[in-house]
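Spelled out, the chains give:
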Amino acid sequence: MQLQLPRNRRLDLSRTKLMGILNVTPDSFSDGGQFIGQAAALRQVQQMLANGADIIDIGGESTRPGAKDVNLDDELARVIPVIHSIRQLYPDLPISVDTSKARVMAEAIAVGADIINDVRALQEPEALEVAVAAKVPVCLMHMQGQPRSMQHQPSYQQVVQEVLAFLQQRAEVCIAAGIARQQIIFDPGFGFGKSLAHNYELLSAMSQFVETGYPVLAGMSRKSMIGQLLNRDVAERLAGSIACATIAVMKGAQIIRVHDIKETADAIKIAQATKFGVNA
Ligand code: YH5
């Protein structure tokens, strides 16, 4: 299984890939402006790569529970210069852009992004068209509601069936519009309109997502499914995050999206050795 990236590059998914999170929201790089934030972002990328990241995921919209929408110009100003300079420094590095806005997708791809990572599964105006034209891989994520209010009263009859059905339906829409089936990634969307119990039902059922034949991305790093279960603040969630990543890999997830690359890379190596043997 491999994704086709621009400029004839490929991303092989026969071994789990680690996606490193690079937030370029003002709360993460707190000068609000260009230069300090830019340099800090590049240092963080360098460190994530040294620690074993395979993909860097760059996002400028806070989609944490309760977060407000970001306007287009702010998101562009945060994300595009950073992607542009990362691409100049690392010509072959797989870069994904975490956005729902068509303009951000288009400009990000123009400056070198390789993958669209959309928590709204290409449902915003023109997003599907941009993705079709770009021919890049797309990660379709499930979310119930919108970030501002999604954790107020998450409700499902059968969370696993409903999330799977949503992703399958979005995949069919994408394929009908011209996206290649082999370029679609599924993501159950941990924490996006899900209760604690819903999140663990989805993790438990990860194999069902893998059995669809689409590559699966799992993003649980530092989320409240860890904090709530363990009663840990964000800064104390590393062990829980590693446990979640390990379980996802054992159940077949191909891409794991995390903050803590070095520690998660070790855990993934253990999981891979267990699954495929130490010599494989
Ligand atoms: C995801 O799961 N998540 S942004 C709240 C936290 C910690 C982390 C402290 N983008 C995903 O990372 N893209 C985000 O509590 C994503 N899958 C994909 N594909 C939210 C996030 C976070 C939120």
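Structure shown above.
Residues numbered from 1 in each chain as written. Predicted model: local features only at pLDDT ≥ 70, side-chain atom pairs only at ≥ 80, totals over all residues. Heavy atoms only, no water.

Digging into unusual backbone geometry
Argument step 1. Of note, A121 is a non-glycine position whose phi angle comes to about 55°, a positive value.
Argument step 2. Relative to the helices and strands, A121 is located in the loop between β6 (115-118) and α4 (127-134).
Argument step 3. Unusually for a residue other than glycine, N231 sits at a positive phi of about 55°.
Argument step 4. Along the chain, N231 falls in the loop between α8 (224-230) and α9 (238-250). (Helix = DSSP H or I, 4+ residues; strand = E, 2+ residues; numbered from the N terminus.)

Description of the site of the ligand
Argument step 1. Around the ligand sit 18 residues in total, of which D98, N117, D187, K223 and R257 are the nearest.
Argument step 2. At 2.6 Å, a side-chain N or O of K223 approaches an oxygen atom of the ligand.
Argument step 3. In this structure, an oxygen atom belonging to the ligand sits 2.9 Å away from a side-chain N or O atom of R257.
Argument step 4. Relative to its free-state accessible area of 520 Å², the ligand is covered by the protein chains to the extent of 92%. (Near = heavy atom within 4 Å. Polar contact = N/O pair within 3.5 Å; in protein donor to acceptor, adjacent residues only side chain to side chain. Areas by Shrake-Rupley, 256 points an atom, 1.4 Å probe, with all protein chains shown as cover.)

Points about the state of the cysteines
Think of a disulfide as a covalent bridge from one cysteine sulfur atom to another cysteine sulfur atom.
Argument step 1. The full count for this structure, using the stated rule, is zero disulfides.
Argument step 2. A disulfide-free cysteine, C139 has its sulfur positioned 11 Å from the sulfur of C174, the nearest such atom.
Argument step 3. Judged by its relative accessible area of 2%, C139 is buried. (Disulfide = S-S within 2.5 Å. Buried < 20%, exposed > 50% of the residue type's maximum accessible area, 1.4 Å probe, protein only.)

A look at the environment of A67
Argument step 1. Relative to the helices and strands, A67 resides in the loop between β4 (55-59) and α2 (72-89).
Argument step 2. Along the backbone, A67 and P81 are 14 residues apart, and their C-alpha atoms lie at a distance of 23 Å.
Argument step 3. The contact partners of A67, leaving out residues within four places of it in the chain, are S62, P147 and R148. (Contact = heavy atoms within 4.5 Å.)

Quick word on the sheet that holds strand β5 (residues 95-98)
Argument step 1. Pairing in this open sheet of eight strands is parallel, and the strands run β8-β7-β6-β5-β4-β3-β10-β9 from one edge to the other. Each edge of the open sheet is held by one strand with a lone partner, namely β8 (184-187) and β9 (217-218).
Argument step 2. Sheet analysis places β4 next to β5, joined by four bridges and oriented parallel. Following the sheet pairing, I56 is matched in β5 by I95.
Argument step 3. Helix-sheet contacts for helix α10 (residues 261-276) involve β3 (17-23) and β10 (255-258), and the interaxial angle to β3 is about 165°. (Pairing = 2+ DSSP bridges. Axes fitted to C-alpha atoms, helices over the stretch in contact; angles between N-to-C directions.)

Structural notes on the packing of aromatic side chains
Argument step 1. This structure, assessed with the given rule, holds one aromatic pair.
Argument step 2. Seen in terms of ring centroids, F186 and Y214 are 4.2 Å apart; in terms of plane orientation they differ by 25°. Their pairing is stacked. Placement of F186 in strand β8 and of Y214 in the loop between α7 (206-210) and β9 is noted, with a sequence separation of 28 residues between them. For the pair F186 and Y214, a shared accessibility class is recorded, and that class is buried.
Argument step 3. The ring of F276 carries R15 above its face, with NZ or CZ at 4.4 Å from the centroid. (Phe/Tyr/Trp six-rings, centres within 6.5 Å; stacked < 30°, edge-to-face > 60°. Lys NZ or Arg CZ within 6 Å of the ring centre and 35° of its normal.)

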